[in-house]
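Commentary on secondary and tertiary structure
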Amino acid sequence: MNRLASERSPYLRHASSQKIDWRPWTEEAFKKAADENKPVFLSSGAVWCHWCHVMAKECFDNDEIAGILNEKFISIKLDRDEHPDIDRRYQLAVSAIGSPGGWPLTVFLTPDKRPFFGGTYFPPVASHGRPGFNKVLGAVSDFFINKKKDVDEYADGIVNNLRFEETEEAEPGAEMIDDAARLVLAGFDSRNGGFGTFPKFPMPGAIDLLMNRVLQTQDQAAEEAVKKTLNMMALGGFHDQLQGGFHRYSVDEAWMVPHFEKMADDNAWLLRNYISGFKLFGDARYREVAGGIIRFSREVLSDPDGGFYASQDADVTPDDEGGYFTWTDEDLRRVLDGEEYRVLTLHYLSPRGKMHHDESKYVLSIAKHPDEISEMTGIPLEMVRELISTGRKKLLSERDHREAPFIDTTIYTSLNGLFITAYMNAYRVFGDGTVGEFGIKSIERVLRDNFSGGRLLHCAGVDALLDDHIFFIEALLSAYDATGDRDWLRQAEGLMKTCIEGFWDGPSGGFNDARERLLGIKLKPIEDIPHPSANSVAISCLMRLYGATGEAYYLEHARQSLRVFSGRAVSYGIHASAYFNAIGEYLKHNA
């Protein structure tokens, strides 16, 4: 048993039975590395991460590799959901080294926390162009022991590369929104919806930007892009066709085969997109998709007493990627009667939905619509719809009897803020009182569990970051808008002033992501990765507070944030769409 069994993080506890002498992120671990003149091996991941589980099984359960780590390294396990600020800095470091980021994140550090080598997933022995982890460990240990000067120079170079540099400021104007919208539309996939190729992530900020264009300018190209994207995401296997809700991203360009983890932040933002789509276009399909996200979040990703959970794992075991969510022809024949089987195989099975590791298994997607099936089979349309409804219920009931993927029940303030805002929006648009009531109950849960001594927490025992403050402020403002209760407004004001005191980067402007500067590095993120950045949402919240109170204090902070990020946001393009939405909020209140 290592030191992780008593940790709050389920991801860390899952590693507590491994033979590696894992430690959590503590100063004691780095002191031990310094005392013993050993490099630190940092493994950052999450309980929902498929490849984290794969590397754990292949490498961390391997006796040879565990022996090398215990002899030559001080090993630290980090939950990136629990400490996203730490993970973010080392993600940037690995990118600076020349490796794409992601999870599991594998980083080697000096005892003073400076990174000098890293990557993501490593197999136990060399395969598919990746070096074996056993050889990597030997080479890194030798490098650290025998070439200390090179290690220091390389680590200093990486850290210096991460230091934040201010860019030229500009006064925000409507022309910046015009340019951003053109750039977003240039990346639109007109065949499949969404933006770019694969892997394909939903880009909620970009969808919002285009919807705002439709609302304000009746831009036909923007309308086509939004509708195509919302429609195609809903039709693919990226969307859980049985229970509702969305997986994290699609491995192909057509939204057919997902990475199967389901995340609170993704579903909260997509809920907002589909609510806005329904409000803007009046398409009942968007209300149905939004209702499915609400159903999934209530049934799976929330506590009945209030509060939203963090995630649902991708898999039950790393050996069967997506096994809980996929179906074979034999499964369908066993569960459905003859007519249901005939209709549902036409409705749900597409050749493009086959799993790459086992082509007998399908991700369910909408392959054919009821009217097409009726025309093909001669079955009356209403009967087709009834067969789909009864068959879907049978499949969901069957799936409910399978061993389900792990749910991380941690109540993170940031993720709750996102979902609460979406719920309050749903209450205002759909008029469902139970949704509004659960949103308020979840605010109360966060205030009860994650607010201590006048200080907001990220989760139990972890100080709040910028994301926690801003997304929860937005939730409080959404509750105020939905209910008219000025107590929510007063709490939002108090929390914003606390946020400015703790995170504002004076005198240049903008918010730092954390109070503490690990490695002496400040980060002021404005990019959407892929969900909208807290700095962009902060500008919108400041403008809403200015609109509600008339206090110039909020307007001045919003203006300075917009100016300081103007150059960087233009360079990020589609990945800073939420910033350009914030410009719109500023111009609306300050015309």
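Cut-off values and rules
- Residues numbered from 1 in each chain as written.
- Predicted model: local features only at pLDDT ≥ 70, side-chain atom pairs only at ≥ 80, totals over all residues.
- Heavy atoms only, no water.
- Pairing = 2+ DSSP bridges.
- Helix = DSSP H or I, 4+ residues; strand = E, 2+ residues; numbered from the N terminus.
- Phe/Tyr/Trp six-rings, centres within 6.5 Å; stacked < 30°, edge-to-face > 60°.
- Buried < 20%, exposed > 50% of the residue type's maximum accessible area, 1.4 Å probe, protein only.
- Lys NZ or Arg CZ within 6 Å of the ring centre and 35° of its normal.

Some details on the sheet that holds strand β3 (residues 74–79)
Sheet architecture is open: five strands sit in the order β1-β3-β2-β4-β5, paired in mixed fashion. Looking at the sheet topology across the chains shown, the edges are occupied by β1 (22–23) and β5 (115–119). Both β1 and β3 contribute to a ladder of two bridges, which runs parallel. Following the sheet pairing, Arg23 is matched in β3 by Ile76.

Side note on the packing of aromatic side chains
Applying the stated criterion across every chain, the model contains 33 aromatic pairs. Their ring planes at 25° and their centres at 6.2 Å tell us that Phe108 and Phe117 sit as a pair that is stacked. The class of Phe108 is buried, set by a relative accessible area of 0%. Considering the side-chain rings of Tyr324 and Phe325, the 4.9 Å spacing of their centres and the 90° angle between planes classify their relative orientation as edge-to-face. A relative accessible area of 9% means that Tyr324 is categorised as buried. The class of Phe325 is buried, set by a relative accessible area of 5%. A network of ring pairs unites the aromatic residues Trp22, Phe41, Phe60, Phe73, Phe108, Phe117, Phe122 and Phe133 as a single cluster. Over the face of the ring belonging to Phe30 we find Lys113, whose NZ or CZ atom lies 5.3 Å from the ring centre. Geometry around Phe144 places Lys148 over its ring, the cationic atom sitting 4.7 Å from the centre.

Things to note about the pairing of β3
Counting buried positions along β3 gives six out of six residues, so the element sits mostly inside the fold. The alternating pattern of β3 places Ile74, Ile76 and Leu78 on one face and Ser75, Lys77 and Asp79 on the opposite face, and all of these are buried. Two elements, strand β2 (residues 40–45) and β3, share six bridges in a ladder whose sense is parallel. Within β3, the position partnered with Ser44 by the bridge is Leu78.

Considerations on the environment of Pro380
Relative to the assigned elements, Pro380 resides in the loop between α15 (370–377) and α16 (381–400). Judged by its relative accessible area of 48%, Pro380 is partly exposed.

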